[in-house]
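Each chain, letter by letter, is given below.
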Amino acid sequence: MAPPATKRRKLEQSEDESEGSFAEFEELDSAGSDIEEEANGEDSDVSMEGPAEGEDVSDDGDAEESVAQRSKTPTSAASVTPAQKAPKRPAATLQDGVYTSESFKSNMFKLQVDELLGQVKPKYGKKEAPAENAMRTLKTIIESIPSRDALPILEAEKALKSAGIAIPFPSPRPLKDAKYKLSFERPSSINATGSYPLKTATKSDDGIAIDLVVTMPKSLFQDKDYLNHRYFYKRAYYLACLAAGIKGAKKHKFELSFESWHGNQLQPIIVVRPSGNGDADDFSSSKARINIIPALPENTFAPNKLLPNSNAVRPKGGEEEETAGKSLPPTPFYNSTLQSDANVTAYLKLLYATTTKADAFKDACTLGRIWLKQRGFGGRLRKGGFGNFEWAALVALLLQPNQTTGAQPLSPGYSSYQLFKATLQFLARHDLSKKAIVLQAHNITIPKGDTTPVFFDGPRGQNILFKMTQWSYACLRQEAKATVDMLSDTVFDQFDSTFILKTELLKLKYDATLEIPLSALGLDSASEEYDQQLGDACRKLYGTLNRALTDRVTSVSFTMPEEDTWSIAARRPHEKQRKSILVNLATDPANANRTVDHGPAAEKKEEAATFRKFWGEKSELRRFKDGSITESVVWSLKDASASVIEQIVRYILQQHKIVQSADNLRFTGDAFAHLVSAGRIQGASGVTPFLPIMNAFATMEKEIRALEGLPLSLRSIKAADAQLRYASVEPPTAGHAPASVVLQFEGSGRWPDDLCAIQRTKIAFLLRIADLLTETESEYVSRVGLENPSQPAQNQAFLDVTSAAGFTFRIRIYHDREVTLFERQLKDKTLDAPSRESAAASLALYKREFVQSPLHSQVLQTLCTRFPALSPSIRLTKRWFASHLLTPHFSPELIELLVIRTFLQPYPWSVPSTSTTGFLRTLAWLGRWDWRHEPLIVDFSSTFSANPADLDDASQQKGMKPSDLERLQTRFEAWRRIDPAMNRVVLFAATNLDEEGTTWTDKAKPEKVVAARLTALAKAASTAVRADEDRLLAHINSSKDAPTPALSPESLFTASTAEYDIHISLASKYTPSHSKKRKSISNQQFKNLEIQHATLIQPASTPLPALFAQDLLDVYGDSVLWFWDPETLDKIVGLWNPISTGQRTWKVKPGWNSVPVKVKVSEDEKEKGKDVEIRVNKEAVLNEIRRFGGELIKSIEVKA
């Protein structure tokens, strides 16, 4: 909770300030003024600078204002200050300073929140003084504007036109022969509102906004001015008079323009910007703008006339008939807009009272403001209609006693975090579009068929959510639910995901985007009903897409073009039809590619007729295997260029004539999937391309288990290869590289107790298995191979088993006794140091290959079937690593863990549904990951237990606990203390199944320079993606015909080799791609070769360039850091290691080819022979490499 206020702060002003509203404003205490901020607009451009180093909480974006900024006017202190002084808060006690997980998620979370709140508040100083002076000048000018006599509409327009002002009448414009007249009188009050004068603003990249609310006198209005836009016409005239008065001030110059307040064309405002001429009124240095907002006095119109079910827009000639309104359709949006102009004082009192009652209310509002901004919500109609005011009002109403919402009332004693989370829980749990909530009011009827969510504030007679749409409210609830789930995570605090990360990034949040030009909707922008028609078109579009896509999508939202400001001398401009609407789709991968939609049964005549009417000629009656006969719609997967969702969208929009032509639509979905073969999810599974090898593996396992004559029975046969866990870049085909398999026999005391003897026993077992497979006359071809000849204690043999289909499996035997023997060697102090180091290396290798790799494969197999997009995302990410020549420095399992983390810890988004979103989110996280100070910790606990033996037993699953996370963090910190220079462990990657953290990263794999290169590349890729999104958003707001070029997916996979010292180009005839091409051509030319190849399929041998690259690593690995792409193997590049090859004192056998260098030294040192040093002989090394590579090398280039 925030500490109790001990001082009251007042707005500073000069002594010669005239009496009036500014003096009255000063009398409000700080608590009242802070809440007045929420009631009157908070700030127009909200942008937060987060606590993360080098990272802003928010990106540059649209202005985000509170609804009350445009409509609410603070009254004088006499009318706002309660009759009795609020009771004094009790002094803070020691108990109040104790923050537990009940008041805040944790002590660390509390510290992070406090730091965030401190950093988002700007420092007030001389920079803002010019804006304050301009604000006072405007107040003086407005108060001196003379009154204008009542004039008919035409005469009023002519009078202002002569002054260079066009009245910003809303649509529809008033009738020229209207009986009422327009007049202007001195405002009853002028109040500076919003966050700036209250000194509670948040930092903004686009500057600050200062709001002046001008309360119009009640005498200007008649009782029935609420009808047929009369009030809004008078409001527009009043605003034009203010503009004319400010423009006519001879001694003061400002730049004026009109703008629709929050995009509501019924409520224009004046935007005042600095003139830039350097005079006394120029406030350019403040980077601010001033909004002048007319408001309505309280109780000007009868409250019962503006209820949601009332009609205030009558047909021509019907406004005098009271009974006419009862049969006319209600006008809830119109009524709420007018009511919001009259509710300034009422909400000011509510929010002020809430501040005095709940200490943490202000901080909860600030947290809500940050949360909304990061998710793209704002008070503008086209930004969702839920901004800072709506949040503050909702929290305040939920804090009121005697709640009738059905939810647990919020306690005034809650901390800011508790208020924030409880408000999100309320939003997530209540669907206000289906079941409206009415507070402290009776006989309130909500119009039927209205999809607007309703949270009706009875005492003030207003639905505070009246600006929201179906899609924005659905998105708000989804975001609230996701955040509540985040904050309920007991292991990770999710602070960054909640407040720091900007989630409204289209390519990271959504899976498909449809761009619809406004011109395709066929609307007349010059029509007075254009705004209504556009809203109706969007509602029809939303409803049609939801009905057509059904469970294929989980979210449909719109990104609307921004509204423009316009000159005070011109009418409101028509919207350019070259602008576009973006329809954003989040898909469900399990259903997105379904090819058949089942409709009602043929017996249900009415439902079937409705189904046929909706789908048109696509609907057909079909009989299915289960005997049912239903209406159905069938889609094709043969057309690779168009996904099922794209086919549905294009067809249904033309079928229902929502767009004039589908040719103008641009559909983008899973844009990166084509970069890997079979990258798009096929059907409901992302592992379909791997089914042939998985079926072959299952068959082989069955055959080996059925063998008779083995000395021991089999315990398990486990996959231990990327090809068998759906994670290889290319799906395996006949003749692929052998896939590793680990075989374990049942325990026996007859195994030898010597490591070398165990390896000989393994060879005997493998030979026996090969003989038995041959004896069974199966179609398998078995070959025993040897490995690690220089390390007799390590695994010495493997068995390659090739099936008839051409799939090869490399079997190695796992014997758990070896671990004990290696550990015994480590503890044996009689052994010399090299022997113990060899035992340690062998033990680490053994655990990695025989324990962790099979377990990792088993986990990933399950996850890939659980998350359809995981397999293609991993393959795409591995392709990116390979294209940037990083793959040799990262183990495949580590890359897989990086992607798995994106799926198991997806916050602040949902689980990725396509390979593109999974890949781009992984890159975004890699760009943010500070691996020097943060470990990679992947929590499998949602699926797996800590005990591998319990993997298949759901009842035994155990989740990761905070203590587990703390233990892993402690292990990471210990490594950093042991190895501060990170010479051995650079990345620390642990899971709840592998707490070592160094299984895949030990021995500097990767090295620091490579890890830094990874971070730089990921940041650059993420920056390019964000820039492309900015381009797209600029395009939909642009009036130009020619769109700017979009980001090419291939550009992210293009490596730059300019930074490398050595560039070795390899002869194309030895590359893997050339070999594959040559084989396919020969098979096509000669049928006998094709038959021979089919009958004698052998596993692919290691390509010569790969062997050459490995030899370079073995020979020159200490001197040169080598990089290559194992998929293409067309080039090998290298960096000289400055530590090992830098110039140094002469010595014998430095480890690399050296050349002596003369250096200047003193005579004494010269006599000692210290005038000669050595450096690497680069020319000689390159000649050695050229001779070593022979005809493999096409050319060698050296960086100058």
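Residues numbered from 1 in each chain as written. Predicted model: local features only at pLDDT ≥ 70, side-chain atom pairs only at ≥ 80, totals over all residues. Heavy atoms only, no water.

*Asks:* Any chance you could break down the sheet that holds strand β7 (residues 288-295) for me, citing the residues and the numbers?
*Replies:* Here we have six strands laid out as an open sheet, ordered β3-β4-β7-β6-β5-β13, and mixed in their pairing. Bordering the open sheet on either side are β3 (189-193) and β13 (566-567), each of which pairs with just one other strand. In this sheet, strand β6 (residues 268-273) lies alongside strand β5 (residues 255-260) in antiparallel orientation, the contact comprising six bridges. Considered in β6, the bridge of Leu 256 is made with Val 272. (Pairing = 2+ DSSP bridges. Helix = DSSP H or I, 4+ residues; strand = E, 2+ residues; numbered from the N terminus.)

*Asks:* So what's going on with the packing of helix α27 (residues 915-928) against helix α29 (residues 1008-1036)? Which residues, and what values?
*Replies:* Put simply, α27 and α29 touch, their axes get as near as 8 Å, and they point 125° apart. Between α27 and α29, the crossing angle belongs to the class labelled oblique. Where α27 crosses over α29, the two elements pack in a sense that is left-handed. Between α27 and α29, the residues in contact are Leu 920, Leu 923, Ala 924, Leu 926 and Gly 927 and Leu 1014, Thr 1015, Ala 1018, Lys 1019, Ala 1021, Ser 1022 and Val 1025, respectively. A per-class count over the contact of α27 with α29 returns eight nonpolar, three polar and one charged. (Axes fitted to C-alpha atoms, helices over the stretch in contact; angles between N-to-C directions. Parallel < 35°, antiparallel > 145°, perpendicular 65-115°, else oblique. Left-handed = near helix turned anticlockwise from the far one by under 90°. Contact = heavy atoms within 4.5 Å. Nonpolar A, V, L, I, M, F, W, Y, C, P; charged D, E, K, R; others polar.)

*Asks:* Could you give an account of the sheet that holds strand β27 (residues 1120-1124), with specific residues and numbers?
*Replies:* Strand order across the open sheet formed by four strands is β27-β28-β26-β32, with antiparallel pairing between neighbours. Two strands close off the open sheet at either side, each with one partner strand: β27 and β32 (1193-1198). Taking the axes of each pair of neighbouring strands and ignoring which way they run, one obtains an average angle of 20° across the sheet. Where β27 meets strand β28 (residues 1131-1136), five bridges bridge the pair, whose relative direction is antiparallel. Across the sheet, the residue bridging to Leu 1121 is Leu 1135, located in β28. Seen against the sheet, helix α35 (residues 1178-1189) touches β26 (1062-1066), β27, β28 and β32 and runs at an angle of roughly 170° to β32.

*Asks:* Describe in detail the packing of aromatic side chains, supporting the description with residues and values.
*Replies:* Under the criterion given, the structure shown has 47 aromatic pairs. On the basis of an interplanar angle of 40° and a centroid distance of 5.8 Å, the ring pair of Trp 391 and Phe 420 is categorised as tilted. Remark: Phe 420 occurs in helix α14 (residues 416-429) and Trp 391 occurs in helix α13 (residues 388-398); sequence separation between them is 29 residues. You'll find Trp 391 and Phe 420 in the same group, each marked buried. Among the aromatic side chains, those forming a connected cluster through ring pairs are Phe 109, Trp 371, Phe 377, Trp 391, Tyr 417, Phe 420, Phe 495 and Phe 499. We note Arg 932 situated over the ring of Trp 931; from NZ or CZ to the ring centre the distance is 4.1 Å. (Phe/Tyr/Trp six-rings, centres within 6.5 Å; stacked < 30°, edge-to-face > 60°. Buried < 20%, exposed > 50% of the residue type's maximum accessible area, 1.4 Å probe, protein only. Lys NZ or Arg CZ within 6 Å of the ring centre and 35° of its normal.)

*Asks:* Can you lay out the nonpolar core for me, pointing to particular residues and giving the numbers?
*Replies:* Among the nonpolar cores identified, the biggest contains 111 residues, and Phe 745, Phe 809 and Leu 870 are the most heavily contacted of them. No other element matches helix α22 (residues 755-775), which puts nine residues into this core. For Phe 809, the contacting residues outside a window of four places in its chain are Ile 693, Ala 696, Phe 697, Met 700, Leu 724, Ala 739, Val 741, Leu 799, Asp 800 and Val 801. (Core = buried A, V, L, I, M, F, W, Y, C linked by side-chain atoms within 4.5 Å.)

*Asks:* So, helix α10 (residues 332-342): which residues are in play, and what are the values?
*Replies:* Across the eleven residues that make up α10, a large majority, nine, are buried. Those residues of α10 not exposed but buried are Tyr 334, Asn 335, Ser 336, Thr 337, Leu 338, Gln 339, Ser 340, Asp 341 and Ala 342.

*Asks:* Go over the environment of Met 982 with me, naming the residues and quoting the values.
*Replies:* Position of Met 982 among the secondary structure elements: in the loop between α28 (962-978) and β25 (989-991). Residue Met 982 is classed as buried on the basis of its relative accessible area of 11%. The spatial distance from the C-alpha of Met 982 to the C-alpha of Lys 1003 is 9.8 Å, given a sequence separation of 21 residues. Ignoring any residue separated from it by four or fewer positions in sequence, one finds Met 982 in contact with Trp 931, Arg 932, Arg 976 and Lys 1008.

*Asks:* Can you break down the pattern of salt bridges residue by residue, with the values?
*Replies:* A pair can form between side chains of opposite charge whenever their charged atoms are brought close. Tallied over the entire structure, the rule returns 48 salt bridges. Across the pair Asp 536 and Arg 539 runs a salt bridge whose closest N-O atoms are separated by 2.6 Å. Residue Asp 536 and its partner Arg 539 are located together in helix α18 (residues 530-549), separated by three residues, close to a single helical turn. What makes Asp 536 partly exposed here is its relative accessible area of 37%. (Salt bridge = Lys/Arg side-chain N within 4 Å of Asp/Glu carboxyl O.)

*Asks:* Which residues make up the pairing of strand β14 (residues 580-587), and what are the values?
*Replies:* The buried fraction of β14 is high, at eight of eight residues. Pairing of strand β11 (residues 512-517) with β14, which is carried by six bridges, proceeds in the antiparallel orientation. When the bridges of β14 are listed, Pro 517 appears paired with Ser 580. Relative to β14, strand β12 (residues 553-559) runs antiparallel, the two being bridged by six bridges. Directly across from Ser 557, in β14, lies its bridge partner Asn 584.

*Asks:* So what's going on with the side chain of Thr 559? Which residues, and what values?
*Replies:* Mapped onto the fold, Thr 559 is located in strand β12. Within the structure, Thr 559 has its side chain in polar contact with the side chain of Asn 584 (distance 2.9 Å). Excluding residues that lie within four positions of it along the chain, Thr 559 makes contacts with Leu 506, Ser 580, Ile 581, Leu 582, Asn 584, Leu 1033 and Ile 1036. (Polar contact = N/O pair within 3.5 Å; in protein donor to acceptor, adjacent residues only side chain to side chain.)

Take it as geometry only, folks, not as evidence of what the structure does.
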